[in-house]
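Summary of the model geometry
What follows is each chain in one-letter form.
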Amino acid sequence: MEENINQSDESQVEKKVESLSENESDVKVEFKTDDVENQTISESNLENSQASDSSESVRTNEAGDSEDKSDKEAEKKDSADKKKKKPFILRFIFGILKFICAILVILFVAMVVCAFHKKNVLEVIPQGFSLYVHTDSVWEAVEPLAELDAADLLFSDPEFADFREPFMEFRSNEWRKSPFLSFIASRKADVALYPNEKGEFDFLAVVDLSYLSLATRLVEPALSFIDVEGVTLNKETGLIEYCDPSSVNADGTRKEEDVIYIKPMRNLVLVAQKEELLIKAVASDNNNYSAKEAELMTGKSSDAIKLLVDSRKFADQAVENSPMLSRLSSVISNDSLTEVSLSITNDNIKLKAKLPLSKENVDSAALAKIINRDSKEPKLLSKLTENVQYYTILNAGSLAELKDVAFSYIPKSEKADELWATGNKLSRTVFGLSLEEMIFSWTGGEFAALGLENQNDPVFVIKIEDENQRGIVFDKFISSIVIEEDSSLILDGMRMRRIMLPGFLQDIIALFDVNIPRPYYMVKDGYIYFSENPETLAGINGASKKELYLTDSEVYNSVIGSTGDKNTIDLYYNLERSIPFFLRSNAGLAKILQLYSNGRFTLGLHGDNVEVQVEAVSKHIIDLHCVPGFPVSLEGKADGILEKSGSTIFWLENSRNIKSMGIPSTKTYTYKSDDKLYIKAGSESLKKGGCLWVVSDRGKVTLLDSKLKEVFVPVNIESRPASGPACTKDKVVIPTVDGNLVFVDKKGNVTSKALNLTGSLKSAPVVLGDTIAVYDKSFMGSIILLKENSSEEKRLNVSSIGFESPALMKKDKDIYTAFVTQNGQAFVWKNDKIVTGFPLKLDGVFFKNFVTDGKYFYALSYGSILYRVGIDGSVLSVKVPCESAKDGFISAGKNIYVTPDSNVIYGFDSNLEMLYGYPLLGWGKPAFADVNGDNKDECFVLTVDKKLYAWNIK
């Protein structure tokens, strides 16, 4: 029985081992001694049992080793089974993820390599630039400028016209607020401007893409296999050339100025408008800059934009419109860089520059004294009254020193030294005084010219250094028989004294463009004031008594800022009254400064530097109703009519030359002819091929694109046009003197349609859809309605003669035709039937016929009465503020625009109420387009004084 029990135990253990090996998972098995019914074992059997246990233990150890091997094999088999059991889609996804991770790792490694395998920007910036711009982030520099009025003005300059269109597109697009764009555009960039032989500037731009340059490093190899429209790789120069496909001629030629040259170089991308400049930039290492210059060019700046200029060139340009100061720019160090601090908003602008002096270049002992003397605050500044609108204060040195400097720079042809010598002899003879004694013995070191509110005559001020000596000189003056003094005038309780200056003294003063032959003078607070107008002196005296000083005024304090008062030259201006010398230039910066009406310019000498500062504010005295950069002067007389197709406007000059202007680029193009021309903008369906139909008075017809290039060779219609043309969807319709309508399509194919006329064609056809209306002009004329592909003609009889063309309007499925006769009979037909209640009698004489906005018909009488006529017979009228409108214009679009016989255009809505912002300076038919990227159309209009205006009508 004991043996059976042992066998039973052994059998149970073996079964458990087998079950363990067959288990699919790692299950921990707990071995227990099974319960057996007979648990009581005798003492005698215990030894046998122990012996059996000992032998069983040996067998168990052997089995254990076997079990370990079996477990490992089972695990391997289980793992293989699991792999086999994973779904295909999971294994596919895991594979894709592994592939993406590998690509990301490769990209990361490549970007790291690109970040370290880089080129110094100074190696590709040749020396000799006039202006250098650096920014650590293109985005931070450009994005705040998007709303600046100054940007409109800057990009209207021909030198920067290439950038206007992309800038305006950037301004108008909402995606400029995208975080992704902000990230991509947050790159370092440098731009250098180099003068060329035309007196203009060529640009070189360099963008540091850092690790993002991985993309640009692949561009050149990619272009060997991929064709991109407008982009070519020049294998000889290694440069990438981009040209707008629309700028390429039919024979493949292109203008040099239409090409942009690009060159990726490691981490940099170089862009230039001149091939020679870019080749020079990439050909060799240009980094010949000193450590100081390198730090100036690439070091961090507190401003978003850092401007560096050639010190001498900057000074030359600033004073080029001042003959005297232009000679003084020679004291500025040559071949040195100056950082210009520029801060600009729509409300104010601040500019500051510190120019190094080159004292060894001083060729005048008097000038050497001046530039070696640090600037001090002029005491006159605190005495100027608040009614002063502009001033120039010179605080450089004594009048004797200034005279020596000035005479050394006055052209020899002015014979300044001879005038002085002659004057000196005459002064000794007449007054017993030399000119030095007469002028220098009592004057100090401050001089000024002032302008007052509501006064045209300037005031000249000189500091009195010795009042006793001045009294002696003036007494000798007055006691002389050749000098007259008049003290009879009293203003505001003050006696006004007037003297006549001797001729020789007037000649010397005239060298400085000052003309005061008989000035009034006033001595006050250590200064003497001269003016031809006594009211200016009385105004200064009155304001001084009330202690109303300029330095306390709000406008003046708004332009002081950080300019300081220790200056050699101090100039305060109001553009309503004066234009300072540095604003008389046509340079971009000067134009920008002209947007700011009140400003202050200071020039101070401090050690070895000249510190120049300008601060100005906009008080909206300058008419910002006109888009900055306009008006544009025309070369010839315009006919007043603007045509628009797509984003281009067209007009005629001198009846023979066509002009086009791209919007918003404002680039202009010219098409010249020996014949008188008619023009008509084509429909939108034509704009990809051609935009403008052109008909000559000799019957030649062509189609031009937006840049005024011919789409096809001009064709001859073998008859003269009777008037201007009209357009269908894809054809031009020309009335001829022989009574036909000629059709020319966009390929130059010509067809014609004969009309059965009782009179003659004198005005252009009118087209609406497939309906054409022409006026058969005679004393009992008619309107002819027809379609191009139909022989049917419908005649609408008119009781008397009229002028110009009828108007067509579609309402629902019906066509309404309107026509007004010279004597005011207004006709409206529905299809070919007269509408009940018509004709109506309108008061007045009419040389202009109906136009329509799609709701009503409008007509303008000779007496400048604007009529609105409804198809229901309702009439509304308004008087346009002008006496006559015989040669005026009336046009309709969203609103009604009227030009009577004047250079003023009026805008009305459909209720004949004046539109906000009107009237405007202008003449003729306006056009509307968004030129400044604000997503609102501006009003373009021509003027009789040969200008093109663009008006903001927000």
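Scroll up for the structure.
Our subject in this report is the structure included herewith. Source: prediction; values computed, not measured. Counting from 1, residues in each chain are numbered in the order their sequence is written. The predicted nature of this model means local features are confined to residues of pLDDT at least 70 and side-chain atom pairs, given and counted, to a pLDDT of 80 or more, with totals for whole chains, interfaces and linings taken over all residues. Side-chain descriptors were evaluated using all non-hydrogen atoms of the structure, hydrogens and water having been removed beforehand.

1. Thoughts on the overall build of the protein
Elements are defined by DSSP. Helices are runs of H or I of four residues or more, strands are runs of E of two residues or more, and each kind is numbered from the N terminus. Helix and strand counts for the protein come out as 22 helices and 54 strands. Relative accessibility thresholds used throughout: buried, under 20% of the residue-type maximum; exposed, over 50%; partly exposed, between the two (1.4 Å probe, protein chains only). The buried share of the protein, taken over its 954 residues, is 45%. In this description, contact between two residues means that some pair of their heavy atoms is separated by no more than 4.5 Å. Long-range contacts, defined here as pairs at least 24 residues apart, represent 55% of the contacts in the protein between residues at least 6 apart. Using the Shrake-Rupley algorithm and a 1.4 Å probe, accessible areas are obtained, with residue cover drawn only from the displayed protein chains. Surface summary for the protein: the accessible area is close to 48700 Å², and the carbon and sulfur share equals 51%.

2. With respect to the sheet that holds strand E44 (residues 851–852)
The criterion for strand pairing is that DSSP finds at least two bridges linking the strands in question. Taken together, the four strands give an open sheet; going across it, the order is E44-E45-E46-E47, and neighbouring strands pair in antiparallel fashion. Since the sheet does not close on itself, it has two edges, and those belong to E44 and strand E47 (875–879), each with one partner. In this structure, E44 lies alongside strand E45 (residues 857–860), joined through two bridges in antiparallel fashion. Residue pairing in the sheet places valine 851 in a bridge with tyrosine 858 of E45.

3. Quick word on the packing of aromatic side chains
Aromatic ring pairs are described here by two measures, namely the spacing of the ring centres and the angle between the planes. Each aromatic pair joins two rings of Phe, Tyr and Trp (for Trp, the six-membered one) with centres within 6.5 Å, and gets the label stacked for planes under 30 degrees apart, edge-to-face for over 60, and tilted for any other angle. On inspection of all chains with the given rule, the structure shows 26 aromatic pairs. For the ring pair tyrosine 897 and tyrosine 918, a centre distance of 6.0 Å and an interplane angle of 45 degrees mean the geometry is tilted. Of the two residues, tyrosine 897 is situated in strand E49 (residues 896–899) and tyrosine 918 in the loop between strand E50 (904–908) and strand E51 (920–921); the sequence distance between them amounts to 21 residues. In this structure, tyrosine 897 and tyrosine 918 share a single accessibility class: buried. Three or more aromatic residues joined by ring pairs form one cluster here, namely Phe431, Trp442, Phe474, Phe477, Phe504, Tyr521 and Phe530. Lysine and arginine charges are scored as sitting over a ring when NZ or CZ, respectively, is within 6 Å of the ring centre and within 35 degrees of the ring normal. The side chain of arginine 470 reaches across the aromatic face of phenylalanine 474, ending 4.8 Å from its centre. The cationic tip of lysine 848 hangs over the ring face of phenylalanine 889; the distance from NZ or CZ to the ring centre is 5.8 Å.

4. Digging into the packing of helix H16 (residues 416–431) against helix H19 (residues 503–510)
Two elements in contact, H16 and H19, have axes separated by 9 Å at closest approach and are oriented at 150 degrees. In terms of their interaxial angle, H16 and H19 are classed as roughly antiparallel. Between H16 and H19 the crossing geometry is left-handed. Across the interface between the two elements, Leu419, Trp420, Gly423, Leu426, Ser427 and Phe431 of H16 pack against Phe504, Asp507 and Ile508 of H19. Of the residues that constitute the contact of H16 with H19, the class distribution is six nonpolar, two polar and one charged. Simply put, an axis is a line fit to the C-alpha atoms, just over the touching stretch for a helix, and the angle between two N-to-C directions goes from 0 to 180 degrees. Under this scheme an angle from 65 to 115 degrees is roughly perpendicular, one under 35 degrees roughly parallel, and one over 145 degrees roughly antiparallel; angles in between are oblique. Left-handed is the label given to a crossing in which the near helix is rotated counterclockwise from the far helix by less than a right angle, and right-handed is the label when the rotation is clockwise. Each residue gets one label: Ala, Val, Leu, Ile, Met, Phe, Trp, Tyr, Cys and Pro are nonpolar, Asp, Glu, Lys and Arg are charged, and the others, such as Gly, are polar.

5. A short note on the pattern of salt bridges
Salt bridges are counted wherever a side-chain nitrogen of Lys or Arg sits within 4 Å of a carboxyl oxygen of Asp or Glu. The tally for this structure, following the rule as stated, stands at 18 salt bridges. Salt-bridge contacts for arginine 698 lead to aspartate 675; the nearest nitrogen and oxygen are separated by 3.1 Å. In this pair, arginine 698 is assigned in the loop between strand E27 (692–696) and strand E28 (700–704) and aspartate 675 in the loop between strand E25 (668–672) and strand E26 (677–681), connecting sequence segments 23 residues apart. With a relative accessible area of 12%, aspartate 675 lands in the buried category. Notably, a salt bridge pairs aspartate 776 with arginine 795, separated by 3.4 Å at the nearest N-O pair. Of this pair, aspartate 776 sits in strand E36 (residues 771–777) while arginine 795 sits in strand E38 (residues 793–797), and the two are 19 residues apart along the sequence. Looking at aspartate 776, the relative accessible area reads 0%, which means it is buried. Assessed through its relative accessible area of 31%, arginine 795 is described here as partly exposed. Salt bridges here are not isolated pairs; linked through shared partners, they connect Lys352, Lys354 and Glu611.

6. Description of the pairing of strand E33 (residues 750–754)
Across five bridges, strand E32 (residues 740–745) lies against E33 in antiparallel orientation. Among the inter-strand pairings, phenylalanine 743 is bridged to a residue of E33, identified as threonine 751. The turn joining E32 and E33, which pair antiparallel and follow one another in sequence, is formed by four residues; a positive phi near 90 degrees is taken by glycine 748.

7. Quick notes on helix H18 (residues 467–479)
The α-helix advances 3.6 residues per turn, and as a result positions three or four apart in sequence lie on the same side. How far a helix is expected to stretch is found by multiplying one less than its residue total by 1.5 Å. Relative to the 18 Å expected for 13 residues at 1.5 Å per residue, H18 spans 18 Å between its end C-alpha atoms, a close match to the ideal helical length. Burial in H18 covers these residues: Arg470, Gly471, Val473, Phe474 and Phe477. Mapping the buried residues of H18 onto a view down its axis gives an arc of 170 degrees, with all of them on the same face. Looking at H18, the residues exposed on the side facing more than 90 degrees away from the buried face are Asn468, Asp475 and Ser479. By the N-cap criterion, in which a side-chain oxygen at the helix start approaches the backbone nitrogen of a residue two or three places on, H18 is capped by aspartate 466, the distance to asparagine 468 being 3.2 Å. When we speak of the arc, we mean the arc of directions from the helix axis to the C-beta atoms. Distance and chemistry together define a polar contact, namely a pair of N or O atoms within 3.5 Å, with one atom able to donate a hydrogen and the other to accept it when in protein, and with adjacent residues in sequence counting only for side-chain atoms on both sides.

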